[in-house]
Amino acid sequence: MKKKLKAVLFDMDGVLFDSMPYHSEAWHTVMKSHGLTLSREEAYMHEGRTGASTINIVFQRELGREATQEEIESIYQEKSVLFNSYPEAMFRKELMVTAFDVKYGKPNPEPYLMALKKGGLKADEAIVVENAPLGVEAGHNAGIFTIAVNTGPLDGQVLLDAGADLLLPSMQALSDHWDTLFEKNT
């Protein structure tokens, strides 16, 4: 290895925990209940955005305006209640970076820069493992070597176009080739 790898920064939803089907279903169901359209597939394209940003994109597209703070809070609360009715994973909370830790969501690099800060790391001491275009873009823009793992329905080229340094077809492929990947790519 050309550098000393100290950390792997995993995106949670869709990578460590197969929660994107739950997120996508919750977004679709709640938006539909408000007379708005957000397909399950489109939800994957917004993965990593803040809830407010996702809601505003739909409001701007369909209503020609931004959502009010009250609408954002109400819709996001409904989505959260539905999502939280699904199975939950366990993680070390002090090392997690969530929407509550950052001002800007992905594709802004702030979530990964915050992860580096929490871990006391430099960009060249970590890699990012992501499955969403916005997350890949965030990792890339944070200056961190970014592996895209295509766990969803998107064409892999979308992940490469977002800035992935490497594209793999599954988490199993990442596991199977872990040792050889870093001999060649770091």
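Every residue gets a number counted from 1 within its own chain, in the order that chain's sequence is written. Under the rules for a predicted model, residues below a pLDDT of 70 receive no local features and side-chain atom pairs below 80 are neither given nor counted, while totals for whole chains, interfaces and linings still include all residues. With hydrogens and water set aside, each side-chain value is computed from the structure's full complement of heavy atoms.

Caption draft 1: Region of interest: the pattern of salt bridges. Counted as salt bridges are all cases of a side-chain nitrogen of Lys or Arg within 4 Å of a carboxyl oxygen of Asp or Glu. Tallied over the entire structure, the rule returns 8 salt bridges. Arginine 65 is the salt-bridge partner of glutamate 71, the closest N and O atoms lying 2.8 Å from each other. Classification of glutamate 71 as partly exposed rests on a relative accessible area of 24%. Accessibility here uses a 1.4 Å probe with only protein chains present; expressed as a share of the type maximum, an area under 20% marks a residue as buried, one over 50% as exposed, and anything in between as partly exposed. Given the relative accessible area of 35%, arginine 65 is considered partly exposed. Among the ionic pairs, lysine 118 bridges to aspartate 101, the shortest N-O distance being 3.5 Å. Separated by 17 residues along the polypeptide, lysine 118 in helix α5 (residues 110–119) and aspartate 101 in the loop between α4 (69–83) and α5 bring together distant segments of the chain. Looking at lysine 118, the relative accessible area reads 31%, which means it is partly exposed. When salt bridges with common partners are traced through the structure, they connect Asp11, Lys106 and Glu130 into a single cluster. Numbering of helices and strands runs from the N terminus; a helix is a DSSP stretch of H or I covering at least four residues, while a strand is a stretch of E covering at least two.

Caption draft 2: Representation of the packing of helix α3 (residues 51–63) against α4. The interhelical angle for the contact between α3 and α4, taken along N-to-C directions, is 110°, at an axis separation of 10 Å. In terms of orientation, α3 and α4 fall into the roughly perpendicular class. Seen along the crossing, α3 lies across α4 with a hand that is right-handed. On α4, the residues touching Gly51, Ala52, Ile55, Asn56 and Phe59 of α3 are Glu71, Ile72, Ile75 and Tyr76. Note on geometry: axes are C-alpha line fits, over the in-contact stretch for helices, and angles between N-to-C directions span 0 to 180 degrees. For classification purposes, an angle smaller than 35 degrees is called roughly parallel, one larger than 145 roughly antiparallel, one from 65 to 115 roughly perpendicular, and anything else oblique. Each crossing gets its hand from how the near helix is turned against the far one by less than a right angle, where anticlockwise is left-handed and clockwise is right-handed. Here a residue-residue contact requires only that any non-hydrogen atoms of the pair lie within 4.5 Å.

Caption draft 3: Representation of the nonpolar core within the structure. Listed in full, the 12 residues of the largest apolar core are Trp27, Val30, Met31, Leu36, Leu38, Ala43, Ile55, Val58, Phe59, Ala67, Ile72 and Ile75. Contact partners of alanine 43, with chain neighbours within four places excluded, come to Met20, Ser24, Trp27 and Leu38. Throughout, nonpolar core names a set of buried Ala, Val, Leu, Ile, Met, Phe, Trp, Tyr and Cys residues whose side chains join them through atoms within 4.5 Å.

Caption draft 4: Summary view of α5. Among all positions in α5, only Glu110, Pro111, Tyr112, Met114, Ala115 and Leu116 are buried. In this structure, the buried residues of α5 make contact with β1 (7–10), β2 (126–130) and α6 (133–141).

Caption draft 5: How the structure looks around the packing of aromatic side chains. Any two rings among Phe, Tyr and Trp, with Trp reduced to its six-membered ring, count as a pair given centres within 6.5 Å; such a pair is stacked if its planes are under 30 degrees apart, edge-to-face if over 60, and tilted if neither. Counted according to the given criterion, the structure contains 3 aromatic pairs. Aromatic side chains tyrosine 22 and tyrosine 86 sit 4.5 Å apart centroid to centroid with 15° between the ring planes, which places their arrangement in the stacked category. Here tyrosine 22 is found in helix α1 (residues 20–33), whereas its partner tyrosine 86 is found in the loop between α4 and α5, with 64 residues between them in sequence. For tyrosine 22, a relative accessible area of 26% gives the class partly exposed. Look at tryptophan 27 and tyrosine 76: their rings are 6.1 Å apart centre to centre, the planes differ by 45°, and that puts the pair in the tilted class. With tryptophan 27 in helix α1 and tyrosine 76 in helix α4, this pair connects stretches of sequence that are 49 residues apart. Each member of the aromatic cluster is reached from another via a ring pair, and the members are Tyr22, Phe83 and Tyr86. Placement of a charge over a ring requires the Lys NZ or Arg CZ to be within 6 Å of the ring centre, with the centre-to-atom vector within 35 degrees of the ring normal. Of note, lysine 79 hangs over the ring of phenylalanine 83, and the distance from its end group to the ring centre comes to 5.0 Å.

Caption draft 6: Region of interest: unusual backbone geometry. Lysine 106 connects to proline 107 through a cis peptide bond whose omega is 20°. As for its position among the elements, proline 107 is in the loop between α4 and α5.

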